[in-house]
Amino acid sequence: MTSRHGYFQPGDLIIGGIVSLISVSGERNDFRQHYDSWISETVVLTNNYQHVLALAFAVKEINENHQILPNVTLGFHIHDSFAKGTFHAIMVILSEQIRFLPNYKCGIQYNLAAVIGGLYPDNTFDLAMVLGIYNVPQVFAYGSGLGLNGRNEPHPFYSMVPNENHQHMGLLQLLLHFRWTWVGVIARDSINGEKFVKIVVEEFPLSAICFAFLQKVENLKMSDIWDAMDQLLELYHIAMKSHANALIFYDENILILRWLLYLPELQMVTVEPQGKVWIMTIEMEFTSLLYQRSWDKQVLHGALSFSVHSNEVLGFQHFLQTIYPALSKGDGFVKDFWEQAFGCSFPNQISDNKPEKICTGTEKLENLPGDIFEMSMMGHSYNIYNAVYAVAHALQAIQSYQSKHKATVNGRRVNIQDFQPWQIPCKQAQDTDDCYKCPDDQYPNKDRDACIFKQKTFLSYGEPLGISLAILAILFSMLTAVVLGTFLKHRDTPIVKANNRNLTYTLLISLLLCFLSALLFIGRPEKITCLLRQTAFGIIFSIAVSCVLAKTLTVVLAFMATTPGSRMTKWVGKRMASSIVLCCSLIQTGICAVWLAMSSPFPDVDLNSVKEEMVLECNEGSVVMFYCVLGYIGFLALVNFAVAFFARKLPDSFNEAKFITFSMLLFCSVWLSFVPTYLSVKGKYMVAVEIFSILASGAGLLGCIFSPKCYIIVLRPQLNKREQLIKRIK
């Protein structure tokens with residue numbers, strides 16, 4: 001059975017979660033104004049549902065990673081604190097699933113390891129009072145890290161958020177930067193609000209920041225706005241009539257601020273909105289309730305907000321795309337969320353106060369606007385995600401200690417929560433058996449007592465190496481285009497017509513594309529670039545090398561055909577050269593097609609090659625097919641080199657074989673050295689090595705084969721005549 005305002009997933013060890021998501025109001029049956037009809041009995045802070053999903057996703061990841069807690073399954077029990085209060089929520093969590101039996105341990109598999117929450121400071125203090133009795137650790141994952149504000153901490157209390165002093169310093173620097181020295185402050189009438197006001201009043205005047213007004217706002221429920229309308233009107237007039245440059249708003253949610261800015265639309269105020277700069281603190285996240293969706297969001301444009309640090313978590317958005325009411329077993333939040341997020345009702349829950357639109361249950365979260373539900377992980381959700389991992393690693397450390405010391409109590413092997421202290425730090429002076437392994441996307445600090453998130457890296461255009469290689473690729477492309485233009489301009493001259501000029505054009509175009517293909521390797525790996533990188537490089541280079549092979553064979557066969565009675569005459573001609581290029585290219589195209597069909601390249605993250613970095617890369621899918629592509633190009637190059645070497649002593653005037661021999665020697669040297677170099681480097685430098693090899697081998701072909709011809713065409717045009725060629729043969 002699932003609690004309407006809870007989410008339970010069984011496990012060997014349970015992580016509790018207190019969220020602030022749903023407000024239920026049943027105290028009033030009539031409303032004074034028609035605007036109250038917008039507020040239903042159940043009001044959902046839809047963006048806060050992501051907090052629930054972040055906890056569930058973290059538990060799912062940990063259970064799938066057997067290196068963290070082997071032979072242990074984590075579960076969770078999440079309950080809402082808005083519906084019936086924090087005390088009720090925590091007592092439900094301390095009971096087995098939804099059986100409300102506080103002070104009894106009825107479920108043999110219900111072992112509460114820690115509780116994560118809550119969103120508001122008062123919730124945190126209430127949690128501390130109850131959890132202290134039961135010695136259950138509490139992890140504070142919201143807000144800006146005010147702790148217990150000097151209160152005695154009767155139980156383990158761990159904060160996943162930075163100290164609020166950082167926000168005070170940032171706020172002060174912001175005001176000084178813009179020279180906003182006359183400001184107003186509006187703060188929630190709470191313990192944290194009082195502390196915030198006390199700090200800014202004491203510290204900001206020391207930097208010549210003065211206050212136009214200091215105003216408190218009562219802690220209002222979402223459904224009690226009309227009871228506080230007189231207070232909101234008074235607050236609006238104080239703010240708008242003041243001469244303050246900026247208005248600092250300290251609150252846990254954006255509800256009151258949105259109502260303040262909406263009052264002019266209700267024609268309930270006598271003062272027009274003034275050009276004030278609103279500054280919101282780190283606790284606030286932008287969200288819209290169901291009845292606020294039509295409100296103008298432009299009034300918030302220009303506002304400044306401090307945000308909680310977040311990071312992209314791989315797989316989280318895909319996880320969100322799999323959330324549907326019918327598939328969310330044990331989730332008592334999802335239906336209320338779904339109705340208010342999508343503005344619909346499920347068939348068995350339609351009432352007069354709800355929209356007439358029917359929920360199908362197949363609506364997609366990614367189609368919701370960001371103020372209703374955010375697909376990227378928000379700051380508070382990221383703290384919850386990290387808090388779950390912190391609990392899991394603490395349990396892992398205890399499990400490791402128990403395994404090493406074979407701890408027992410009264411002859412019974414102790415389990416994880418029997419052991420104290422619950423978190424074992426990993427110092428260098430301790431036995432390394434007591435250490436836990438950092439997650440794959442983190443690495444240990446120098447003291448080896450904490451894990452630091454790895455930086456995402458890839459070969460980008462914003463770094464010297466990336467931009468240097470890009471400039472080289474563009475320069476070589478432009479040089480190839482100039483050579484091609486020169487040959488087209490002098491297409492009727494003997495040196496261009498000699499040895500199949502169409503083959504020459506094909507070779508130059510393929511070299512141009514080779515240089516441009518190097519740009520596919522620079523930048524953040526995407527699905528399309530990963531598919532094109534190696535296949536485009538392989539096919540284009542095969543065309544280039546097969547063109548050179550065709551030119552070499554043309555020279556050899558042409559001289560063999562001059563021998564009286566030779567059967568080679570029928571093989572000499574443009575058709576033979578075209579056939580060589582087509583056949584060689586089609587073989588490489590076939591190899592690439594098989595590669596894409598069997599195991600195509602895809603964007604991936606390398607978490608292990610570089611200690612402090614997450615390398616965004618293109619996974620080749622099949623390493624064997626990658627080396628097949630390289631091997632085929634190498635095979636063509638070796639055949640080319642052998643034929644050109646055989647033909648190097650033919651008469652000079654018609655003979656490109658000497659230059660082709662040298663170009664193929666250079667080409668083979670580059671790619672033979674590529675393999676060991678590529679295997680010896682790590683991270684983005686593997687990509688840089690391949691780009692350099694592409695540019696170097698392409699430049700070798702361009703320079704060795706075409707520089708002598710360009711020299712004659714441009715600087716020695718008198719030699720570019722048929723008579724000169726015949727004279728040199730003789």
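Our subject in this report is the structure included herewith.

Rules used throughout
- Residues numbered from 1 in each chain as written.
- Predicted model: local features only at pLDDT ≥ 70, side-chain atom pairs only at ≥ 80, totals over all residues.
- Heavy atoms only, no water.
- Axes fitted to C-alpha atoms, helices over the stretch in contact; angles between N-to-C directions.
- Helix = DSSP H or I, 4+ residues; strand = E, 2+ residues; numbered from the N terminus.
- Parallel < 35°, antiparallel > 145°, perpendicular 65-115°, else oblique.
- Contact = heavy atoms within 4.5 Å.
- Nonpolar A, V, L, I, M, F, W, Y, C, P; charged D, E, K, R; others polar.
- Pairing = 2+ DSSP bridges.
- Disulfide = S-S within 2.5 Å.
- Buried < 20%, exposed > 50% of the residue type's maximum accessible area, 1.4 Å probe, protein only.
- Patch = residues over 30% accessible without salt bridge, like charges linked within 9 Å, V, L, I, M, F, W, Y side chains within 5 Å.
- Areas by Shrake-Rupley, 256 points an atom, 1.4 Å probe, with all protein chains shown as cover.
- Salt bridge = Lys/Arg side-chain N within 4 Å of Asp/Glu carboxyl O.
- Core = buried A, V, L, I, M, F, W, Y, C linked by side-chain atoms within 4.5 Å.
- Left-handed = near helix turned anticlockwise from the far one by under 90°.
- Expected span 1.5 Å × (residues − 1).

Details of the packing of helix 17 (residues 657-680) against helix 18 (residues 684-715)
One can describe the packing of helix 17 onto helix 18 by two numbers: an axis separation of 9 Å at closest approach and a directional angle of 175 degrees. In terms of axis orientation, helix 17 runs roughly antiparallel to helix 18. In contact with Phe659, Ile660, Phe662, Ser663, Met664, Leu666, Phe667, Val670, Trp671, Phe674, Thr677 and Tyr678 of helix 17, helix 18 contributes Met686, Val689, Glu690, Ser693, Ile694, Ala696, Ser697, Gly700, Leu701, Cys704, Ile705 and Pro708. Grouping the constituent residues of the contact of helix 17 with helix 18 by class yields 18 nonpolar, five polar and one charged.

Here we look at the sheet that holds strand 18 (residues 455-457)
Strand order in the open sheet formed by three strands is 18-20-19, and the pairing between neighbours is mixed. The two strands at the open ends of the sheet, each matched to only one other strand, are strand 18 and strand 19 (602-606). For this sheet the average axis-to-axis angle between neighbouring strands, irrespective of direction, equals 30 degrees.

Overview of the state of the cysteines
All chains considered together, the criterion is met by two disulfides. Here Cys344 pairs with Cys359 through a disulfide, and the sulfurs are 1.8 Å apart. Looking along the S-S bond of the Cys344-Cys359 disulfide, the torsion reads about 100 degrees, which is the right-handed sense. Here Cys359 lies in the loop between helix 9 (334-342) and helix 10 (379-405) and Cys344 lies in the loop between helix 9 and helix 10, a separation of 15 residues in the sequence. Cys359 carries the same exposure label as Cys344, and that label is buried. The partner cysteine of Cys530 in its disulfide is Cys618, sulfur to sulfur 1.9 Å. On the sign convention where negative means left-handed, the S-S torsion of about -80 degrees between Cys530 and Cys618 marks this disulfide as left-handed. Pair noted here: Cys530 is in helix 14 (residues 527-561) and Cys618 is in strand 20 (residues 613-619), with a separation of 88 residues, a long-range link. Accessibility assignment for this pair places Cys530 and Cys618 in one class, buried.

Here we look at the sheet that holds strand 13 (residues 304-305)
Spatial strand order, 10-9-11-12-13: five strands in an open sheet with parallel pairing. The open sheet terminates on both sides in strands that have one partner only, identified here as strand 10 (210-217) and strand 13. Where strand 9 (residues 182-188) meets strand 11 (residues 246-250), five bridges bridge the pair, whose relative direction is parallel. Along strand 11, the bridge assignment pairs Val185 with Ile248. Against the sheet, helix 7 (residues 255-262) makes contact with strand 10, strand 11 and strand 12 (277-280), and its axis sits at roughly 165 degrees relative to strand 12, the strand it touches most.

Focus: the environment of Ile474
Looking at the secondary structure, you find Ile474 in helix 11 (residues 464-489). Residue class for Ile474 comes out partly exposed when judged on its relative accessible area of 41%. Considered as a pair, Ile474 and Leu519 are 45 residues apart in the sequence and their alpha carbons are 8.6 Å apart.

A word on a nonpolar patch on the surface
On the surface, a nonpolar cluster with roughly 620 Å² of combined accessible area is contributed by Tyr461, Ile467, Ile471, Leu472, Ile474, Leu475 and Met478. Looking at the secondary structure, you find Ile467 in helix 11.

Some thoughts on the environment of Gln292
Tracing the sequence through the fold places Gln292 in the loop between strand 12 and strand 13. Spatially, the C-alpha atoms of Gln292 and Ile372 are 9.9 Å apart, while their sequence positions differ by 80 residues. Not counting the four nearest positions on each side in its chain, Gln292 is found in contact with Leu255, Arg258, Trp259 and Thr287.

Thoughts on unusual backbone geometry
Of note, Asn71 is a non-glycine position whose phi angle comes to about 65 degrees, a positive value. The residue Asn71 is located in the loop between helix 1 (49-64) and strand 5 (74-80) in this model. Of note in this structure, Ala208 is not a glycine but carries a positive phi near 70 degrees. Note on placement: Ala208 falls in the loop between helix 5 (191-203) and strand 10.

Some details on the nonpolar core
In terms of nonpolar packing, the biggest core is built from 73 residues, with Phe487, Phe667, Trp671, Ile691 and Phe706 touching the most fellow members. Leave out the neighbours within four places in its chain, and Phe667 touches Phe541, Val545, Ile633, Ala637, Ser697 and Leu701.

Thoughts on the packing of helix 6 (residues 229-241) against helix 7
The N-to-C vectors of helix 6 and helix 7 enclose an angle of 70 degrees; their axes lie 10 Å apart at closest approach. In terms of orientation, helix 6 and helix 7 fall into the roughly perpendicular class. Helix 7 is crossed by helix 6, and the crossing has right-handed handedness. Together, Met229, Leu232, Leu235 and Tyr236 of helix 6 and Ile256, Trp259 and Leu260 of helix 7 make up the contact between the two elements. Of the residues belonging to the contact of helix 6 with helix 7, the class tally is seven nonpolar, no polar and no charged.

A look at helix 16 (residues 623-646)
With 24 residues, helix 16 extends 35 Å from end C-alpha to end C-alpha; this agrees with the ideal 34 Å at 1.5 Å per step. Listed in full, the buried residues belonging to helix 16 are Met625, Phe626, Val629, Leu630, Tyr632, Ile633, Leu636, Ala637, Asn640, Val643 and Ala644.

Brief notes about helix 2 (residues 86-94)
Among the nine residues in helix 2, seven count as buried, and that is most of the element. Taken together, the buried positions of helix 2 are occupied by Thr86, Ala89, Ile90, Met91, Val92, Ile93 and Leu94.

A word on the pattern of salt bridges
Enumeration over the complete set of coordinates arrives at seven salt bridges. The closest approach of N and O atoms between Lys60 and Glu64, which form a salt bridge, is 3.0 Å. With Lys60 and Glu64 both in helix 1, this residue pair falls four residues apart, about one helical turn. Since its relative accessible area comes to 36%, Lys60 is described here as partly exposed. Given the relative accessible area of 51%, Glu64 is considered exposed. Across the pair Arg501 and Asp492 runs a salt bridge, and its minimum N-O distance is 3.3 Å.

That's the geometry; what it means functionally is another story.
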